[in-house]
Amino acid sequence: MIKKESRNSMRVTRHERIRKNISGTSSIPRLCVFRSNTGIYAQIIDDETKTTLVSASSLDKSLKLTNGSNIEAAKSVGKLIAENAKKANITKVVFDRGGYLYHGRVKALAEAARENGLEF
């Protein structure tokens, strides 16, 4: 009997492969995306000091979202992470899609962050 590997374990494998080549520094931190069934989360991380500089998620009370797992929520999280990054004087980041396809919610978050001032 052939057992199929779970989608999440395949995603984690892809993410590990991506992370071999991508790392955030203090000058250009890493924008990491996590997507769940109920929401979407974004963090800007400095991998040298292993600290999260800025974070945003669809759970934030300021966004007042009814559904945190759609493209509109991803766009608003992208806008929020870009605004928070501006406050922290961060303009350039390296995008880490977290092993997900660059499509749908992940793409919407990335494009909204670009439109609001983040460069990657």
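Residues numbered from 1 in each chain as written. Predicted model: local features only at pLDDT ≥ 70, side-chain atom pairs only at ≥ 80, totals over all residues. Heavy atoms only, no water.

Draft legend 1. Broad picture of unusual backbone geometry. Positive phi is not limited to glycine here, since Lys50 has a value of about 55°. Tracing the chain through its elements places Lys50 in the loop between β2 (40-46) and β3 (51-57). Residue Lys50 is classed as exposed on the basis of its relative accessible area, which comes to 71%. You will see that Asn89, though not glycine, has its phi angle at about 60°, which is positive. Turning to its location among the elements, Asn89 is positioned in the loop between α2 (71-87) and β4 (94-96). (Helix = DSSP H or I, 4+ residues; strand = E, 2+ residues; numbered from the N terminus. Buried < 20%, exposed > 50% of the residue type's maximum accessible area, 1.4 Å probe, protein only.)

Draft legend 2. Geometry of the pairing of strand β1 (residues 30-35). Sheet topology places β1 next to β2; six bridges connect them, and they run antiparallel. Note that in β2 the partner of Phe34 across the bridge is Tyr41. Bridge analysis of β1 against β4 gives three bridges, and the strand direction is parallel. Considered in β4, the bridge of Leu31 is made with Phe95. (Pairing = 2+ DSSP bridges.)

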